[in-house]
Amino acid sequence: MDAKNTPVRGTGGAADPLVVIDHVDKHFGDLHVLKDIDTTVARGEVVVVIGPSGSGKSTLCRAINRLETIDSGTISIDGKVLPSEGRELATLRADVGMVFQSFNLFAHKTVLENVTLAPMKVRKLSKKAAETRGMALLERVGVADQAKKLPAQLSGGQQQRVAIARSLAMEPKLILLDEPTSALDPEMINEVLDVMVGLAKDGMTMIVVTHEMGFARKAADRVIFMADGRIEEEAAPEQFFGAPRSPRAKDFLSKIL
Ligand code: ADP
Ligand code: MG
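Along each chain, the written sequence defines residue order, and numbers are assigned to residues from 1. Both sets of labels track the order of writing: A upward for chains, 1 upward for ligands. For a predicted model such as this one, the threshold for reporting local features is a pLDDT of at least 70, and the threshold for listing and counting side-chain atom pairs is 80 or more; totals across whole chains, interfaces and linings nevertheless cover every residue. Processing note: side-chain calculations cover all non-hydrogen atoms of the structure and skip hydrogens and water entirely.

## Considerations on the environment of Lys149
Per the convention used, a helix needs a DSSP run of H or I reaching at least four residues, while a strand needs a run of E reaching at least two, with both numbered from the N terminus. Along the chain, Lys149 falls in the loop between α4 (127–140) and α5 (156–168). The spatial distance from the C-alpha of Lys149 to the C-alpha of Ser84 is 37 Å, given a sequence separation of 65 residues. Any two residues whose heavy atoms approach within 4.5 Å are treated as being in contact. Each residue touching Lys149, except ones within four places of it in the same chain, is listed here: Thr110, Val111 and Leu154. A polar contact of 2.9 Å, which involves the side chain of Lys149, links it to the side chain of Gln146. Definition of a polar contact: a pair of N or O atoms within 3.5 Å, with one able to donate and the other able to accept a hydrogen when the atoms are protein atoms, and with sequence-neighbouring residues admitted only if both atoms are side-chain atoms.

Laid out in structure tokens, this is it:
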């Protein structure tokens, strides 16, 4: 095996694995977008995924939530292998919160309704219980005073905090955040990152695709660097940023830092 195909391993070997990604491959037609992805995320761990555009970060997130199928390998969450379809998939998917770059709030529902709909429908919470929980979550992300408004009346940073509250409302075992601050005006980035740091401190298991290196240094237990569909390097943030080992990581960091 040449050096290019040997990922540099860091702090693998999780004691209490929540997500196990086992030799996953994925193609889009002729394009090989995930190449032998093999890693584990422990319960309570915060993993930051970085890498150049097109390296497969979003596809990996979507595969973990089965918004994308995979060609081979397995992904399991809390000991259960993700099936490709069916009722069991819906149950497992509800365990995984997902926050996208583009907020994806329901435009014609109020902020509070955005946070209460899924718990009522999927978790069968009463409206009252869902609203109580919803208000507490909106409080936690600092937008409780916006509860009766429509998403479009909020700033981008507020909308993204609602999106985080909405994913928390399902009490997921894991939250995936795919470039959650990339669409935000600079002055709103920190209010969202602060909420994410709070979640990390509270012990939430998180996989975060981001180029916010301050967040990675502050909150990540591990950084996964992807390039060209492959995990090139995994390491604790201080090691990764201080002394990246793979040439591609060095090159990437020299461009963004
Ligand atoms: P990243 O999030 O790291 O920028 P993506 O996972 O979005 O990368 O994309 C990885 C590669 O897969 C890119 O070359 C992209 O163009 C391609 N790709 C992503 N989604 C699709 C799709 N639905 N159909 C075809 N190609 C896709
Ligand atoms: Mg992406």
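## Considering the sheet that holds strand β4 (residues 72–77)
Strand pairing follows a simple DSSP-based rule, namely that at least 2 bridges must link the two strands. Overall, antiparallel pairing links the 4 strands, which are arranged β2-β1-β4-β5 in an open sheet. Either end of the sheet is taken by a strand with one partner, and the two such strands are β2 (31–42) and β5 (80–81). Relative to β4, strand β1 (residues 17–28) runs antiparallel, the two sharing 5 bridges. Across the sheet, residue Asp25 finds its bridge partner in β4, namely Ser72.

## Section: the site of ligand 1
We call a residue near a molecule or strand whenever a single non-hydrogen atom of that residue lies within 4 Å of it. Taken together, the neighbourhood of ligand 1 is formed by Phe28, Leu31, Val33, Pro52, Ser53, Gly54, Ser55, Gly56, Lys57, Ser58 and Thr59. At a separation of 2.7 Å, an oxygen atom of ligand 1 approaches a polar backbone atom of Gly54. At a separation of 2.9 Å, an oxygen atom of ligand 1 approaches a polar side-chain atom of Ser58. When ligand 1 is considered free in solution it has 560 Å² of accessible area, and contact with the protein chains removes 59% of it. Where the shell around ligand 1 is concerned, the elements lending two or more residues are β2 and α1 (57–64). All accessible areas in this document rest on Shrake-Rupley with a 1.4 Å probe, and a residue is counted as covered only by the protein chains that are shown.

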